[in-house]
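Observations on the three-dimensional arrangement
Here's the letter readout for the chains.
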Amino acid sequence: MSSPTAFKDHLPLTPAVFAILLALADGEKHGYAIMLEARQHIAMGPGTLYGSIDRLLASGLVAETGFTDDERRRYYRLSALGHQVLTAETTRLAQSVKRARSKGVRVLTRVPESRS
Amino acid sequence: MNTPTQPRLRLYALALHLYPSAFRARYADEMLSTARLEYARSSHPLRFTAPLAADTLRSLLREHLRAAKPASPSYVAAFALFFSFLLIGVSVVSQQFLRHRADGMPRFIAGLYSTPMDEKSEPYRKQLVAHDLTGPKHEISSPTFLNNDNPNSDQIFAILYDAAGHALTGNATLHGALPQPPSGIFNEIRSGDIDEVTWRPEPGIRLALSGHPMPNGGFVVTGQSLAPSEARTARLNSILRWMWLFAMLACCFLALFARRNTRSPTV
């Protein structure tokens with residue numbers, strides 16, 4: 001059982017970690033499925049994905065659930081602590097959005113692509 | 001790990017060997033499998049290769065930093081001590097080197113005066129002609145002379161002395177008179193104990209002198225201002241001080257990083 005302050009130690013999350021936790025919010029997934037969903041928020045390759053997953057496993061936000069038959073696909077799920085952290089980070093971001101709106105910052109339906 | 005047939009994937013499989021061994025053992029198969037799926041899905045080879053290469057480089061650096069054992073504070077302190085002594089050594093050696101280099105040209109000119117001209121020294125006659133002792137004289141105390149950093153013989157003065165050490169002629173003056181170094185210098189030049197010496201005729205003037213006995217029993221003393229050489233030493237010491245400061249800041253950072261790493265893992 002994590003203490004009330006334990007999940008706060010992990011905040012704020014990096015965009016990559018937030019995207020991975022969010023991808024796992026609706027159930028367990030394997031690495032490639034996590035990457036495909038996380039890419040809706042942030043550019044991510046296998047190195048960033050598995051490096052982040054390794055850190056999330058070490059800090060107990062994510063747990064491994066098992067292998068596929070050929071043992072080349074591991075499945076991951078959010079832990080209870082991971083759920084808490086994701087909820088707290090989402091709340092934090094929602095408060096930021098609320099503050100931005102109160103200052104007249106418009107929320108676009110689509111993020112404009114940056115020019116390179 | 002099955003070796004892929006596609007050259008880009010084969011290259012990626014090789015790059016996976018660059019990850020720390022524990023990370024590679026745990027994730028290499030999954031990473032390669034993910035890259036395979038990604039390759040099959042990509043519309044253009046470059047759209048697959050460029051982001052994958054960038055991601056691999058970034059994550060390689062990150063994973064090696066994670067895998068690196070935090071530096072022990074005692075190792076950091078030992079390095080700081082070693083680096084400090086190293087920089088002190090570099091400073092002392094370079095100061096000596098620059099000081100001795102300032103003797104080179106005066107020694108050369110004094111050698112030309114004190115030895116008879118032969119075929120070998122003929123090419124250097126121009127150097128002596130440039131040192132016409134009856135021509136215009138350098139005023140040693142002038143800033144123009146003191147700070148002359150021209151890397152040729154223009155900055156060298158030469159004075160001839162008799163056997164008793166009295167100035168006879170020369171192409172430099174000190175406050176209007178021929179410079180007169182302490183008489184002890186001539187005794188030492190005659191006995192062969194020294195041929196180079198630093199002379200400080202007054203505050204703010206430091207000269208590198210080179211003296212040679214002449215066949216007629218007199219002496220030739222050549223010299224130049226040490227101000228340019230000392231300015232170079234000061235510039236080098238300033239760079240070394242900044243290097244030391246950055247190194248000490250880096251050591252403090254490493255020591256703090258080590259303490260932080262031993263306390264709590266971060267996501």
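In case you missed it, the structure is sitting above this.
Model, not experiment: these values are computed from the prediction. (Residues numbered from 1 in each chain as written. Chains lettered and ligands numbered in written order. Predicted model: local features only at pLDDT ≥ 70, side-chain atom pairs only at ≥ 80, totals over all residues. Heavy atoms only, no water.)

**Some details on the overall build of chain B**
- A count of helical and extended segments in chain B gives eight helices and seven strands.
- Burial statistics for chain B: of 267 residues in total, 37% are counted as buried.
- Within chain B, contacts between residues separated by at least 24 positions form 58% of all contacts whose residues are at least 6 apart in sequence.
- Entry remark: accessible area of chain B is about 15700 Å², with carbon and sulfur atoms responsible for 63%. (Helix = DSSP H or I, 4+ residues; strand = E, 2+ residues; numbered from the N terminus. Buried < 20%, exposed > 50% of the residue type's maximum accessible area, 1.4 Å probe, protein only. Contact = heavy atoms within 4.5 Å. Areas by Shrake-Rupley, 256 points an atom, 1.4 Å probe, with all protein chains shown as cover.)

**Quick notes on the sheet that holds strand β6 (residues 205–213) of chain B**
All names here are of chain B.
- What the five strands build is an open sheet, ordered β3-β2-β7-β6-β5; its pairing is antiparallel. Each having just a single partner strand, β3 (167–170) and β5 (196–202) make up the two edges of the open sheet. On average, each strand axis in the sheet is tilted by 30° relative to the strand beside it, whichever way the strands run.
- The sheet contacts of helix α4 (residues 73–114) involve β2 (157–161), β5, β6 and β7 (219–225), and relative to β6 the element is tilted by about 35°.
- Contacting β2, β5, β6 and β7, helix α7 (residues 183–191) runs over the sheet at an angle of about 115° to β7. (Pairing = 2+ DSSP bridges. Axes fitted to C-alpha atoms, helices over the stretch in contact; angles between N-to-C directions.)

**Some points on the interface of chain A and chain B**
- Opposite the 24 residues of chain A that make contact, chain B presents 22 residues.
- Buried surface at the junction of chain A and chain B, both sides included, amounts to about 2200 Å², of which 52% is carbon and sulfur.
- For the interface between chain A and chain B, the tally reads five salt bridges.
- Ionic pairing is found between glutamate 64 of chain A and arginine 26 of chain B, a salt bridge with its closest N-O pair at 2.1 Å.
- Contributions of two or more residues to the side of chain A that touches chain B are made by α2 (31–38), α3 (46–59) and β3 (74–78) of chain A.
- Ranked by residues supplied to the side of chain A that touches chain B, first place goes to α3 of chain A with eleven residues.
- Here the residues of the side of chain A that touches chain B sort into eleven nonpolar, six polar and seven charged. (Buried area = accessible area lost by both parts, 1.4 Å probe. Salt bridge = Lys/Arg side-chain N within 4 Å of Asp/Glu carboxyl O. Nonpolar A, V, L, I, M, F, W, Y, C, P; charged D, E, K, R; others polar.)

**Remarks on the environment of alanine 172 of chain B**
- Tracing the backbone through its elements, the reader meets alanine 172 of chain B in strand β4 (residues 172–173).
- Overall, the relative accessible area of 0% leaves alanine 172 of chain B in the buried class.

**Details of the sheet that holds strand β2 (residues 62–67) of chain A**
- Reading across from one edge, β1-β3-β2 (chain A) is the order of the three strands in this open sheet, with antiparallel pairing throughout. The two strands at the open ends of the sheet, each matched to only one other strand, are β1 (29–30) and β2 of chain A.

**A few points about the pairing of β3 of chain A**
All names here are of chain A.
- Judged by which residues are buried, β3 turns out to be one-sided: Arg74, Tyr76 and Leu78 face inward and are buried, whereas Tyr75 and Arg77, on the alternate face, are not.
- When β1 meets β3, the two strands line up antiparallel, connected through two bridges. Paired with histidine 30 across the strands is tyrosine 75, a residue of β3.

**Observations regarding the pairing of β6 of chain B**
Residues and elements named next belong to chain B.
- Most of β6 is tucked away: seven of the nine residues are buried.
- One ladder, built from five bridges, connects β5 with β6; its direction is antiparallel. When the bridges of β6 are listed, glutamate 202 appears paired with isoleucine 205.
- Count of turn residues in the β5/β6 antiparallel hairpin: two residues, of which glycine 204 carries a positive phi of about 90°.
- Direction of pairing for β6 relative to β7: antiparallel, over a ladder of seven bridges. The partner of serine 210 across the bridge, within β7, is threonine 222.
- Hairpin connection, β6 to β7: the antiparallel pair is bridged by five residues, and glycine 217 has positive phi, about 95°.

Read these as layout, nothing more, since geometry by itself doesn't imply function.
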